[in-house]
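# Residue-level structure breakdown
Chain residues, written in single-letter form:
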Amino acid sequence: MSRGYNFSAGPAALPLEVLMRIQDELLEWRDARASVMEISHRGAAFVAVAEESERDLRDLLSIPDSYKVLFLPAGATQHFAQLPMNFAKPGQSADYILSGYWSEKAFAQAHASATSRVAASSAESGFVRTPPRAQWQLDPSAAYVHLTSNETIHGVQFHDDVLYDDIGDTGDVPLFADMSSDILSRPIDISRFGVVYASAQKNIGASGLTIMIVREDLLERCPDSIAPIFSYATFAKAGSMPNTPNTFGWYVASLVFEWLKEQGGIAAMAERNAAKANLLYGHIDASEGWYRNPVDPDSRSLMNVPFTLKDPALDATFLAESKAAGLLALKGHRAVGGMRASIYNAMPLAGVEALVDFMRDFARRNG
Ligand SMILES: *Cc1c(COP(=O)(O)O)cnc(C)c1O
């Protein structure tokens, strides 16, 4: 086998055990005598997958009973637009905290379907930190406050102390979080949020699926004036199956949840993720400027690590040689340049060790 260590930002690496299990049961799933892709979503066999996956996710994240778990079609980008359609009254605006590329995208989509405001932004810093809470200008009559817990491209993350202490009480205005690139990487206090949602292709499974954890009372806001298929209340009422769901994506997510439980759950993943990130940032910081990460240490992402080389003329060589060494997809996003290593749950410590060894050797060879 010539699979490499895959540092792709998304769609991202899946655990090898999960891929092998999919391969193993692709033609004949359980006792269906057919593939999981080829059976009715309404049959008892698939409904069992739906129920098991929800139960596992509830266990993994300790989701309170007062929250619904929805398995939704499409990626987070579509839900950027659907959030205000569902949760803002006509004329009511929502507050957006901008900490990088994805929160800007969320704001732009929301603004196209309802009035939204920027309540804080760290754009002037070049998005190298989350906007300090003291600078947030919240509207007490906003429909919700939206933030992006981890900026996949800028490598900026709201750390636990900020999420659970600094932000403080937002009063009657619920906090919504796009957690596409850090859900399941660390424990979450769900009760702190009105809505948590995530595209699946970073830390959950395959693309085209969004998982939403929504406080039940908020679903009462979903208006009858929108088409039922855009209403989250429709999905909540129908067990996420008002129509045919992405059954294969849902099945892959269910296997990832099982894998996470086998790994010891989210607290164990958080420890491993911290060890991986510390190793990589430690190497970058100790490289005497050979490698550089621009983000404030207090806001550095444990999932996505952008870095630049001292001499950008070496970028192409770095990418070609790292790829040849089996270290895949290290090219940075065009919005930031340089390199980016995404080290989600499925990246083993050995992959980060191999990257650090390569970086050390590359720096030595190139003076
Ligand atoms: C990848 C990503 C998205 C977009 O997901 P799509 O499935 O492409 O819509 C949104 N937010 C964050 C934080 C992401 O990392």
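What you are looking at is a predicted structure, and each value in this text was computed from that prediction instead of being measured. (Residues numbered from 1 in each chain as written. Predicted model: local features only at pLDDT ≥ 70, side-chain atom pairs only at ≥ 80, totals over all residues. Heavy atoms only, no water.)

### Some points on the nonpolar core
- Ranked by size, the top nonpolar core spans 54 residues in total, and within it Leu61, Leu147, Ile183, Leu184, Ile204 and Phe257 carry the most contacts.
- If you tally residues by element for this core, the top one is helix α7 (residues 247-262), at 9 residues.
- Residues contacting Leu184, with those up to four places away along its chain left out, are Leu57, Leu60, Leu61, Asn203, Ile204, Phe257, Leu260, Ile266, Met269 and Asn345. (Core = buried A, V, L, I, M, F, W, Y, C linked by side-chain atoms within 4.5 Å. Buried < 20%, exposed > 50% of the residue type's maximum accessible area, 1.4 Å probe, protein only. Helix = DSSP H or I, 4+ residues; strand = E, 2+ residues; numbered from the N terminus. Contact = heavy atoms within 4.5 Å.)

### Here's the deal with the sheet that holds strand β14 (residues 339-342)
- The strand order across the open sheet built from 3 strands is β11-β12-β14, with neighbouring strands paired in antiparallel fashion. Two strands close off the open sheet at either side, each with one partner strand: β11 (291-292) and β14.
- Across 4 bridges, strand β12 (residues 304-309) lies against β14 in antiparallel orientation. Along β14, the bridge assignment pairs Val305 with Ala341.
- Contacts from helix α8 (residues 265-285) reach β11, β12 and β14, with the element oriented near 20 degrees to β12. (Pairing = 2+ DSSP bridges. Axes fitted to C-alpha atoms, helices over the stretch in contact; angles between N-to-C directions.)

### Let's talk about a nonpolar patch on the surface
- A surface patch of nonpolar side chains, amounting to about 370 Å² of accessible area, comprises Met1, Leu16 and Met20.
- Relative to the helices and strands, Leu16 resides in helix α1 (residues 16-25). (Patch = residues over 30% accessible without salt bridge, like charges linked within 9 Å, V, L, I, M, F, W, Y side chains within 5 Å. Areas by Shrake-Rupley, 256 points an atom, 1.4 Å probe, with all protein chains shown as cover. Salt bridge = Lys/Arg side-chain N within 4 Å of Asp/Glu carboxyl O.)

### Structural notes on the pattern of salt bridges
- Enumeration according to the criterion identifies 17 salt bridges in this entry.
- Between Asp59 and Lys261 there is a salt bridge, and its shortest N-O distance comes to 2.9 Å. One end of the pair, Asp59, is in helix α2 (residues 44-61); the other, Lys261, is in helix α7, and 202 residues separate them in sequence.
- In this structure Asp59 comes out as partly exposed when scored by relative accessible area, which is 48%.
- Here Lys261 falls in the partly exposed class, since its relative accessible area comes to 36%.
- Among the ionic contacts, a cluster of salt bridges with common partners joins Glu321, Asp361, Arg364 and Arg365.

### Digging into the packing of helix α3 (residues 76-87) against helix α4 (residues 101-113)
- The contact between α3 and α4 brings their axes to 8 Å, and the two run at 45 degrees. Classified by the angle between their axes, α3 and α4 sit oblique to one another. Seen from above, α3 lies across α4 with right-handed handedness. Contacts from Thr77, Phe80, Ala81, Pro84 and Met85 in α3 reach Trp102, Lys105, Ala106, Gln109, Ala110 and Ser113 in α4.
- A class-by-class count of the residues in the contact of α3 with α4 yields 7 nonpolar, 3 polar and 1 charged. (Parallel < 35°, antiparallel > 145°, perpendicular 65-115°, else oblique. Left-handed = near helix turned anticlockwise from the far one by under 90°. Nonpolar A, V, L, I, M, F, W, Y, C, P; charged D, E, K, R; others polar.)

### Considering the site of the ligand
- Among the 14 residues in the neighbourhood of the ligand, the closest are listed as Thr77, Thr152, Asp178, Ser199 and Lys202.
- Contacts to the ligand include Thr77, whose side-chain N or O atom sits 2.6 Å from an oxygen atom.
- Its free accessible area being 390 Å², the ligand has 86% of it covered by the protein chains.
- For the shell around the ligand, a count of residues per class yields 3 nonpolar, 9 polar and 2 charged. (Near = heavy atom within 4 Å. Polar contact = N/O pair within 3.5 Å; in protein donor to acceptor, adjacent residues only side chain to side chain.)

### A short note on the side chain of Lys202
- Checked against the element boundaries, Lys202 lands in the loop between β9 (195-199) and β10 (209-215).
- Nearest to the buried, unbridged Lys202 among oppositely charged side chains is Asp178, at 7.3 Å.
- Residue contacts for Lys202: discarding those within four places in its chain leaves Ala9, Gly10, Ala12, Ser180, Ser181 and Tyr344. (Lys, Arg positive; Asp, Glu negative; His and termini not counted.)

### Remarks on the environment of Gly171
- Here Gly171 is to be found in the loop between α5 (160-166) and β8 (175-178).
- Note: C-alpha distance between Gly171 and Ala74 (97 residues apart in sequence) is 31 Å.

### Regarding a negative patch on the surface
- Residues Asp161, Asp165, Asp166 and Asp298 make up a contiguous surface patch of negative charge.
- As for its position among the elements, Asp166 is in helix α5.
- On the basis of relative accessible area, Asp166 is assigned to the partly exposed category, the value being 45%. (Charge placed at Lys NZ, Arg CZ, Asp CG, Glu CD.)

### Some thoughts on the packing of helix α9 (residues 315-324) against helix α10 (residues 349-365)
- Where α9 meets α10, the axes come as close as 11 Å, and the angle between the chain directions of the two elements is 135 degrees. Considering their axes alone, α9 and α10 lie oblique with respect to each other. Here α9 and α10 pass one another in a crossing that is right-handed. Across from Thr317, Phe318, Glu321 and Ser322 in α9, the residues of α10 making contact are Phe358, Met359, Phe362 and Arg365.

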